[in-house]
Amino acid sequence: MNPLETTLGKVTGLFTVAIVVIAALLAYFDDPEPVKYNSMAEDMETLEENFRQQNKSCFILGASGETGRRLLQELLERNIFSKITLIGRRQLTLEGQAHENLVQEVVDFEKLDDYAAAFQGHDVGYCCLGTTRAKAGADGFVRVDHDYVLKSAELAKTGGCTQFHLESSRGADKNSNFLYLKVKGQVEADIEALGFDRYAIYRPGVLLVDRQEKRPAEWLARTFFSACSAVGSTSMSVPIQEVAKAMVSNTLLRPEQKTEILENKAIASLGKSAGK
Ligand SMILES: NC(=O)c1ccc[n+]([C@@H]2O[C@H](COP(=O)([O-])OP(=O)(O)OC[C@H]3O[C@@H](n4cnc5c(N)ncnc54)[C@H](OP(=O)(O)O)[C@@H]3O)[C@@H](O)[C@H]2O)c1
C-alpha cells in the first residue's frame with residue numbers, strides 16, 4: 001500500500017468512528033414516545049377503503065415543494081380523496097399526474113381574505129409551505145412560515161375543514177431563541193388554538209432529498225445525517241418520501257389525542273411501516 005492509500009484509509013477509518021460516536025450521542029437525545037393510536041391494529045388497506053367510501057376532499061399548500069410534490073403523488077396513488085385541491089401562488093404543470101379530481105387554485109398569499117372560497121369545503125388540509133431566511137430574509141420567513149400558514153388554516157377552518165396536517169420542524173418551540181424554531185413553534189401553537197377536530201403536527205429533522213434548488217448548508221447537513229442514519233440514528237433526519245407516506249397514513253388513523261405531534265422517529269416509523 002502506498003503512503004497516499006494508507007492516509008486515505010486512516011481518514012476513512014477516523015470518519016467512520018466519528019460518525020458512529022456522533023450517532024450514539026444523537027441516540028442519547030432520542031425522540032420521546034410516539035403517538036398512540038386507536039386504529040393501528042386494522043390493516044392499512046381496510047382503513048384506506050373505509051376512508052375512500054366517505055368521499056372526502058382535501059387541499060395541499062406547498063404542492064410545488066419537495067415534500068408537497070411527494071405528498072400529492074402519494075395521495076394520487078392511494079386514491080383516498082374524491083377531490084384534491086392544490087392551493088399555491090402559481091399554476092403547476094402536472095405531467096403524468098392528470099387526474100379528473102385534481103383542481104388548482106392560484107392565490108395571492110398577501111391577500112388571502114380575497115381567496116376565502118379556495119379554502120371552502122375541504123375536509124382535510126395539508127400544509128407543506130415554507131421558505132428560508134436565506135431566501136426571504138427574516139421578515140419574509142416569518143410572513144410565509146407563520147402568517148401565510150396561520151391565515152390559510154383560519155380560512156380552512158371557517159370553510160369547514162376539520163382535520164389539519166402541518167409539516168413543522170424538529171425542535172419547533174415558541175420560546176426558542178432561534179428564529180426558525182420559534183416561528184415554527186408559534187405557528188404550531190396558533191393553529192392549535194383554532195380548535196380543529198383533529199390536528200397533526202409533523203416535526204421532521206433534516207429532510208433527505210435530492211433537492212432541485214441549491215442550498216449548500218442543507219446539503220452539508222443532509223450528507224452528514226445520511227451517514228448517521230446509515231449507522232442507525234433515526235431521530236435527526238428522514239427520507240422525504242417517508243414524511244409524505246406518514247402524512248397520508250396518519251390521516252387514516254385515529255389518534256387518542258385531538259392534537260398529536262409526530263417527532264422525526266415517529267414519522268420515519270409510520271412512513272416505513274404503514275405506507276405501501
Ligand atoms: N428542508 C428541511 O430539511 C426541513 C426540515 C424540517 C422541516 N422543514 C419544513 O418542511 C416544510 C416543507 O419543506 P420543503 O423542503 O418540502 O419545502 P420547499 O421544497 O422549500 O417548498 C416550499 C413550498 O412553499 C412555497 N412557498 C415558498 N415561499 C412562498 C411564498 N413567498 N409564497 C407562496 N408560497 C411559497 C413554495 O412554492 P413555490 O414553488 O411557488 O416557490 C413551495 O410550494 C417547510 O415548512 C420547512 O420549513 C424542512
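Provided above is the structure to which this section pertains.
Engineer: I would appreciate a short explanation of the overall build of the chain in the present structure.
Structural biologist: Helix and strand content of the chain: eight helices and nine strands. Out of the 276 residues belonging to the chain, those deemed buried represent 46%. Taking the intrachain contacts of the chain between residues at least 6 apart in sequence as the baseline, contacts between residues at least 24 apart amount to 74%. Just so you have it, the chain exposes about 14200 Å², and 53% of that area is on carbon and sulfur atoms.

Engineer: Would you explain the site of the ligand in this entry?
Structural biologist: Of all residues adjacent to the ligand, which total 27 residues, the nearest are Ser64, Thr67, Arg89, Arg90 and Arg211. In the environment of the ligand, an oxygen atom lies 3.2 Å from a nitrogen or oxygen atom belonging to the backbone of glycine 65. Within the backbone of leucine 207, an N or O atom sits 2.9 Å from an oxygen atom of the ligand. With the chains in place, 88% of the 920 Å² that the ligand exposes on its own is no longer accessible. The set of elements that each furnish at least two residues to the shell around the ligand consists of α3 (66-78), α4 (133-158), α5 (179-192) and β7 (206-208). Residue contributions to the shell around the ligand peak at three residues, all from α4. When the residues that make up the shell around the ligand are grouped by side-chain class, the tally is nine nonpolar, nine polar and nine charged.

Engineer: Please clarify how the sheet that holds strand β5 (residues 163-167) should be interpreted in this entry.
Structural biologist: Within a sheet, neighbouring strands are paired by backbone hydrogen bonds and run either parallel or antiparallel to one another. Strand order in the open sheet formed by seven strands is β3-β2-β1-β4-β5-β6-β9, and the pairing between neighbours is parallel. The open sheet has two edge strands with one neighbour each: β3 (102-106) and β9 (259-263). Geometrically, the sheet is characterised by an average inter-axis angle of 15 degrees between neighbouring strands, direction not taken into account. With five bridges connecting them, strand β1 (residues 57-61) and strand β2 (residues 83-88) associate as parallel partners. Bridging from a neighbouring strand, isoleucine 60 pairs with leucine 86 of β2. Sitting on the sheet, helix α8 (residues 264-273) touches β6 (198-203) and β9, and the angle it makes with β9 is about 85 degrees.

Engineer: How should α5 be read in this particular structure?
Structural biologist: Given 3.6 residues per helical turn, the α-helix brings residues three or four places apart onto the same face. A rise of 1.5 Å per residue sets the reference length of α5, with its 14 residues, at 20 Å; its end C-alpha atoms lie 20 Å apart and thus fit the reference within 8%. Within the span of α5, buried status applies to Val183, Lys184, Gly185, Val187, Glu188 and Ile191. At its buried positions, α5 is contacted by α4, β5 and β6.

Engineer: Mind showing me how you'd approach unusual backbone geometry here?
Structural biologist: Glycine aside, a negative phi is what most residues show, and trans is what most peptide bonds show. One non-glycine residue, asparagine 55, adopts positive backbone phi at about 50 degrees. Relative to the helices and strands, asparagine 55 resides in the loop between α2 (44-52) and β1. One non-glycine residue, asparagine 79, lies in the positive phi region at around 50 degrees. Along the chain, the position of asparagine 79 falls in the loop between α3 and β2.

Engineer: Teacher, can you tell me more about helix α7 (residues 240-252) here?
Structural biologist: Counting buried positions along α7 gives twelve out of 13 residues, so the element sits mostly inside the fold. All of the buried residues in α7 are Ile240, Glu242, Val243, Ala244, Lys245, Ala246, Met247, Val248, Ser249, Asn250, Thr251 and Leu252.

Engineer: Would you mind showing me how to read the packing of α7 against α8 here?
Structural biologist: Helix-helix packing is described using two parameters, namely the angle between the two axes and the distance between the axes. Remark: α7 packs on α8, axes separated minimally by 7 Å, with the N-to-C direction vectors making an angle of 80 degrees. Viewed along their axes, α7 and α8 adopt a mutual orientation that is roughly perpendicular. Here α7 contributes Glu242, Val243, Lys245, Ala246, Ser249 and Asn250 to the contact with α8, which in turn contributes Ile267, Ala268, Leu270, Gly271 and Lys272. A per-class count over the contact of α7 with α8 returns five nonpolar, three polar and three charged.

Engineer: What is the right way to read the state of the cysteines from this model?
Structural biologist: What we call a disulfide is simply a covalent bond connecting the sulfur atoms of a pair of cysteines. Under the counting rule described, the total for this entry stands at zero disulfides. Counting only cysteine sulfurs, cysteine 127 is the nearest neighbor of cysteine 128, a cysteine outside any disulfide, at a range of 6.6 Å. Of the cysteine sulfurs around cysteine 161, a residue in no disulfide, the closest is that of cysteine 58, at 9.3 Å.

Engineer: Before we go on, may I ask you to explain the packing of aromatic side chains in this structure?
Structural biologist: In this description, an aromatic ring pair is defined by two values, namely the gap between the centres and the angle between the planes. Under the defined criterion, the tally for this structure stands at seven aromatic pairs. Their ring planes at 90 degrees and their centres at 5.3 Å tell us that phenylalanine 51 and phenylalanine 81 sit as a pair that is edge-to-face. Placement of the pair is phenylalanine 51 in helix α2 and phenylalanine 81 in the loop between α3 and β2, with a sequence separation of 30 residues. Their ring planes at 20 degrees and their centres at 5.2 Å tell us that phenylalanine 164 and phenylalanine 196 sit as a pair that is stacked. Here phenylalanine 196 lies in the loop between α5 and β6 and phenylalanine 164 lies in strand β5, a separation of 32 residues in the sequence. The pair phenylalanine 164 / phenylalanine 196 is uniform in exposure class, with both members buried.

Criteria and thresholds
- Residues numbered from 1 in each chain as written.
- Predicted model: local features only at pLDDT ≥ 70, side-chain atom pairs only at ≥ 80, totals over all residues.
- Heavy atoms only, no water.
- Helix = DSSP H or I, 4+ residues; strand = E, 2+ residues; numbered from the N terminus.
- Buried < 20%, exposed > 50% of the residue type's maximum accessible area, 1.4 Å probe, protein only.
- Contact = heavy atoms within 4.5 Å.
- Areas by Shrake-Rupley, 256 points an atom, 1.4 Å probe, with all protein chains shown as cover.
- Near = heavy atom within 4 Å.
- Polar contact = N/O pair within 3.5 Å; in protein donor to acceptor, adjacent residues only side chain to side chain.
- Nonpolar A, V, L, I, M, F, W, Y, C, P; charged D, E, K, R; others polar.
- Pairing = 2+ DSSP bridges.
- Axes fitted to C-alpha atoms, helices over the stretch in contact; angles between N-to-C directions.
- Expected span 1.5 Å × (residues − 1).
- Parallel < 35°, antiparallel > 145°, perpendicular 65-115°, else oblique.
- Disulfide = S-S within 2.5 Å.
- Phe/Tyr/Trp six-rings, centres within 6.5 Å; stacked < 30°, edge-to-face > 60°.

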